[in-house]
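Spelled out from the first residue to the last, the chains are:
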Amino acid sequence: KSLEEALSWQKDQPEELPPRLTLAAVYFQRKQYREARDILKETAAAHPEELSPQLGEVTAVCAMGEYPTAVGLYQKLRETFPENADLRHHFARFLVTCPDDLVRDSAQGLRIMRQLPETENSFDRTETLACALADSGAMEEARRMLKEFTDRLGPSVRPSLRRRLAILQRSFESNQPLREKWPFAVIDDSRFSHVP
């Protein structure tokens, strides 16, 4: 039903950004990554000034397991949006959590994270920095950072974020740096079910 609605909305407003992004999101939820990539690629071409469809295209390429292609797309985006902190963060996350050993580059990812402005200590930024440290071999520092961050969180933090931190903590306690099919994917905690 959601696919039918999204296709109808996109057909009614073929040039508009929101219907296209919604359709891509529905394809992603259905694990139809090639279809998501195709609509995002078309959308990126139609809206070259917008970063979101272009990042979405890279994410879909990652979901398809085409990590070397993703590197090339990231490089083009960095030339187009050189000062965009969200893009730099996304690329750093890719570099430190990519499951492809030939593509992953924890040193570069850590360098990018340390160069990002510290104007906000967001959940995602702290999590990515901890992942970069863990993948660079500084597992103890990553554990400590995550614990300090978790301890500072108040009771109003969303349960999904708290759960994500707990999964990441278990990963680090197992001496396993995080691997994601695409940047900021839902963490699969099945690998750590044996860890208390």
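Residues numbered from 1 in each chain as written. Predicted model: local features only at pLDDT ≥ 70, side-chain atom pairs only at ≥ 80, totals over all residues. Heavy atoms only, no water.

1. Considerations on helix H2 (residues 17-29)
Residues separated by three or four positions in an α-helix point in the same direction, a consequence of the helix having 3.6 residues per turn. Here H2 contains 13 residues, and its C-alpha end-to-end distance of 19 Å stays within 8% of the 18 Å for a straight helix at 1.5 Å per residue. Taken together, the buried positions of H2 are Leu17, Pro19, Arg20, Leu23, Ala24, Val26, Tyr27 and Phe28. Those residues of H2 hidden inside the fold are in contact with helix H1 (2-12), helix H3 (33-46) and helix H4 (51-63). Immediately downstream of H2, the backbone of lysine 31 shows phi near 60°, a positive value. (Helix = DSSP H or I, 4+ residues; strand = E, 2+ residues; numbered from the N terminus. Expected span 1.5 Å × (residues − 1). Buried < 20%, exposed > 50% of the residue type's maximum accessible area, 1.4 Å probe, protein only. Contact = heavy atoms within 4.5 Å.)

2. A word on the pattern of salt bridges
The tally for this structure, following the rule as stated, stands at eleven salt bridges. Residue glutamate 180 is joined to arginine 164 by a salt bridge in which the shortest nitrogen-to-oxygen separation is 3.1 Å. With glutamate 180 in the segment after helix H10 (159-173) and arginine 164 in helix H10, this pair connects stretches of sequence that are 16 residues apart. Accessibility classification places glutamate 180 together with arginine 164 in one group, the buried group. Here the salt bridges do not stand alone but share partners, grouping Arg93, Glu127, Arg164 and Glu180 into one network. (Salt bridge = Lys/Arg side-chain N within 4 Å of Asp/Glu carboxyl O.)

3. Focus on the nonpolar core
Judged by nonpolar contacts, the single largest core of 56 residues is most densely connected at Phe94 and Phe172. With near-sequence residues (within four places) excluded, phenylalanine 172 lies in contact with Ala130, Cys131, Ala134, Met139, Ala142, Arg143, Leu146, Pro177 and Leu178. (Core = buried A, V, L, I, M, F, W, Y, C linked by side-chain atoms within 4.5 Å.)

4. Things to note about the packing of aromatic side chains
Think of a pair of aromatic rings as described by two things: how far the centres are apart, and how the planes are tilted against each other in angle. Scanning all chains against the criterion turns up eight aromatic pairs. Here a set of aromatic residues connected by ring pairs shows up, and it is made of Tyr67, Tyr74, Phe91 and Phe94. (Phe/Tyr/Trp six-rings, centres within 6.5 Å; stacked < 30°, edge-to-face > 60°.)

5. So, the packing of helix H6 (residues 85-97) against helix H8 (residues 123-135)
Where H6 meets H8, the closest approach of the two axes is 9 Å, and the angle between their N-to-C directions is 35°. With respect to the hand of their crossing, H6 and H8 are arranged in left-handed fashion. Here His89, Arg93, Val96 and Thr97 of H6 lie close against H8, whose contacting residues are Asp124, Arg125, Glu127, Thr128, Cys131, Ala132 and Asp135. A per-class count over the contact of H6 with H8 returns three nonpolar, three polar and five charged. (Axes fitted to C-alpha atoms, helices over the stretch in contact; angles between N-to-C directions. Left-handed = near helix turned anticlockwise from the far one by under 90°. Nonpolar A, V, L, I, M, F, W, Y, C, P; charged D, E, K, R; others polar.)

6. Some thoughts on helix H7 (residues 106-115)
Three or more residues of H7 are buried, namely Ser106, Gly109, Leu110, Ile112 and Met113. Projected onto a plane normal to the axis of H7, the buried residues spread over an arc of 160° and lie on a single side. In H7, the exposed residues that point more than 90 degrees away from the buried face are Arg114 and Gln115. For H7, the secondary structure elements touched by its buried residues are helix H5 (67-80), H6 and H8. (Arc of directions from axis to C-beta.)

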